[in-house]
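Remarks on the overall topology
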Amino acid sequence: MAHHQPKKHELVLAPEIRARIPYSPNHLRRLEAQGEFPKRVRIGANRVAWLRAEIDQWIAERVEERI
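Scope of this entry: the structure provided in the associated data block. All values reported here derive from a predicted model rather than from experimental measurement. (Residues numbered from 1 in each chain as written. Predicted model: local features only at pLDDT ≥ 70, side-chain atom pairs only at ≥ 80, totals over all residues. Heavy atoms only, no water.)

Side note on helix H3 (residues 52-65)
The test is simple: To qualify as a helix, a DSSP run of H or I must reach at least 4 residues; to qualify as a strand, a run of E must reach at least 2; elements of each kind are numbered from the N terminus. Multiply 1.5 Å by the residue count of a helix minus one, and that product is the helix's expected span. Any pair of residues with heavy atoms lying within 4.5 Å of one another is described as a contacting pair.
Its 14 residues place the ends of H3 20 Å apart at the C-alpha level, agreeing with the 20 Å of an ideal helix rising 1.5 Å per residue. Those residues of H3 that are buried are in contact with strand E1 (11-13), helix H1 (14-20) and strand E3 (47-51).

Shown next as structure tokens:
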């Protein structure tokens, strides 16, 4: 029987989001609320992150739209 590894979820913190996506934090919150940007994951009382795979997919979709 094959053993399945638990899925690893790599997190992206706000500084990397700011470096990769040229939107203000408020605009990203609006997009999240509208379902147009990946939802953040609360990782602590005052800390949030995003799943890298979802952010990469969101960027890839923007690139595909230009074709």
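Details of the environment of Leu 31
To keep things clear, this is the line we draw: Three exposure classes are used, based on accessible area relative to the maximum for each residue type with a 1.4 Å probe and protein chains only: buried under 20%, partly exposed in between, and exposed over 50%.
With respect to the element layout, Leu 31 can be found in helix H2 (residues 25-33). Exposure remark for Leu 31: the relative accessible area of 8% places this residue in the buried category. Setting aside chain neighbours within four positions, we find Leu 31 in contact with Tyr 23, Glu 36 and Phe 37.

What about the packing of aromatic side chains?
Any aromatic ring pair is given by two values, namely how distant the centres are and how the planes are angled relative to each other. How we decide: Stacked, tilted and edge-to-face are the three classes assigned to paired rings of Phe, Tyr and Trp, where Trp is represented by its six-membered ring and a pair needs centres within 6.5 Å; plane angles under 30 degrees give stacked, over 60 edge-to-face, the rest tilted.
Within this structure, the stated rule accounts for two aromatic pairs. For the pair Tyr 23 and Trp 58, a centre-to-centre distance of 6.3 Å together with 75° between the ring planes defines the contact as edge-to-face. Here Trp 58 lies in helix H3 and Tyr 23 lies in the loop between H1 and H2, a separation of 35 residues in the sequence. By relative accessible area, which is 35% here, Tyr 23 ends up partly exposed. When its relative accessible area of 10% is taken as the criterion, Trp 58 is described as buried.

So, a nonpolar patch on the surface
The cut-off we apply is this: Patch membership requires more than 30% relative accessible area and the absence of a salt bridge. Residues of like charge join within 9 Å; the nonpolar side chains Val, Leu, Ile, Met, Phe, Trp and Tyr join within 5 Å. Every accessible area reported is derived by Shrake-Rupley at a probe size of 1.4 Å, with residue values counting cover from the shown protein chains alone. Here, a salt bridge means any Lys or Arg side-chain nitrogen found within 4 Å of an Asp or Glu carboxyl oxygen.
Taken together, the side chains of Leu 11, Leu 13, Val 41 and Ile 43 define a hydrophobic patch exposed on the protein surface, amounting to about 270 Å² of accessible area. Every element with two or more residues in the nonpolar patch is listed here: E1 and strand E2 (41-44). You can see Val 41 is positioned in strand E2. Overall, Val 41 belongs to the partly exposed group, its relative accessible area being 30%.

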